[in-house]
Amino acid sequence: ALHDENQPAAAPSKLLERADIALYEAKENGRGVAVLFEPHHEALIRNAKAVEQALRGIDSEKELTLAFQPQRDVRGERTLAFEALARWRNARLGQVPPDVFIRAAERSGLITGLTPVLLKNERKAARRWW
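Here is a short report on the structure shown in this document. (Residues numbered from 1 in each chain as written. Predicted model: local features only at pLDDT ≥ 70, side-chain atom pairs only at ≥ 80, totals over all residues. Heavy atoms only, no water.)

1. Some details on the packing of aromatic side chains
Next up, step 1: Applying the stated rule across the entire model yields three aromatic pairs.
Next up, step 2: Aromatic pair Phe68 and Trp129: ring centres 4.9 Å apart, planes at 75 degrees, arrangement edge-to-face. Of this pair, Phe68 sits in strand 1 (residues 64-73) while Trp129 sits in helix 5 (residues 111-129), and the two are 61 residues apart along the sequence.
Next up, step 3: Judged by relative accessible area, Trp129 falls into the partly exposed class, the value being 43%.
Next up, step 4: An angle of 45 degrees between the planes, with centres 5.0 Å apart, marks the rings of Phe82 and Trp129 as tilted. (Phe/Tyr/Trp six-rings, centres within 6.5 Å; stacked < 30°, edge-to-face > 60°. Helix = DSSP H or I, 4+ residues; strand = E, 2+ residues; numbered from the N terminus. Buried < 20%, exposed > 50% of the residue type's maximum accessible area, 1.4 Å probe, protein only.)

Printed below as a string of structure tokens:
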């Protein structure tokens, strides 16, 4: 439910935020699944806001790193390429899962500031390999 009878009516922006959280969870659970906004969703919203706030003050040169996952040819048993996976360790939040911080960065428009740093780190790593 988007409205709690014991609380005054929520602002439209808050209702949209809650509907967005329920919609996202419904999409994760598969087609045709209805999701009602529940109290545990409030914690998700608080966490998302904390991540977004930390992203606004990120020292991307120090906090962002990359993990490289090999892409293998199983028949030829050789490595064809490496996928660069973004990782973020924040002093206050600790290790933030990629799906959490990337989603927050995309939603807030901060992703465009992170991408150049990650690409620079990827190029540095690739140069060391050769």
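Read on for the rest.
2. Observations regarding helix 2 (residues 39-56)
Next up, step 1: Spanning 18 residues, helix 2 covers 27 Å between terminal C-alpha atoms, matching the ideal 26 Å at 1.5 Å per step.
Next up, step 2: Restricting attention to buried positions, one finds in helix 2 the residues His41, Ile45, Val51, Ala54 and Leu55.
Next up, step 3: Each element contacted by the buried residues of helix 2 is listed here: helix 1 (12-29), strand 2 (78-90), strand 3 (94-96), helix 4 (98-108) and helix 5. (Expected span 1.5 Å × (residues − 1). Contact = heavy atoms within 4.5 Å.)

3. Comments concerning the packing of helix 1 against helix 2
Next up, step 1: Relative orientation of the contacting elements helix 1 and helix 2 amounts to 105 degrees, with a least axis distance of 10 Å. By the criterion of interaxial angle, the relationship of helix 1 to helix 2 is roughly perpendicular. Between helix 1 and helix 2, the residues in contact are Glu17, Arg18, Ile21 and Glu25 and His40, His41, Glu42, Leu44, Ile45 and Lys49, respectively.
Next up, step 2: A per-class count over the contact of helix 1 with helix 2 returns three nonpolar, two polar and five charged. (Axes fitted to C-alpha atoms, helices over the stretch in contact; angles between N-to-C directions. Parallel < 35°, antiparallel > 145°, perpendicular 65-115°, else oblique. Nonpolar A, V, L, I, M, F, W, Y, C, P; charged D, E, K, R; others polar.)

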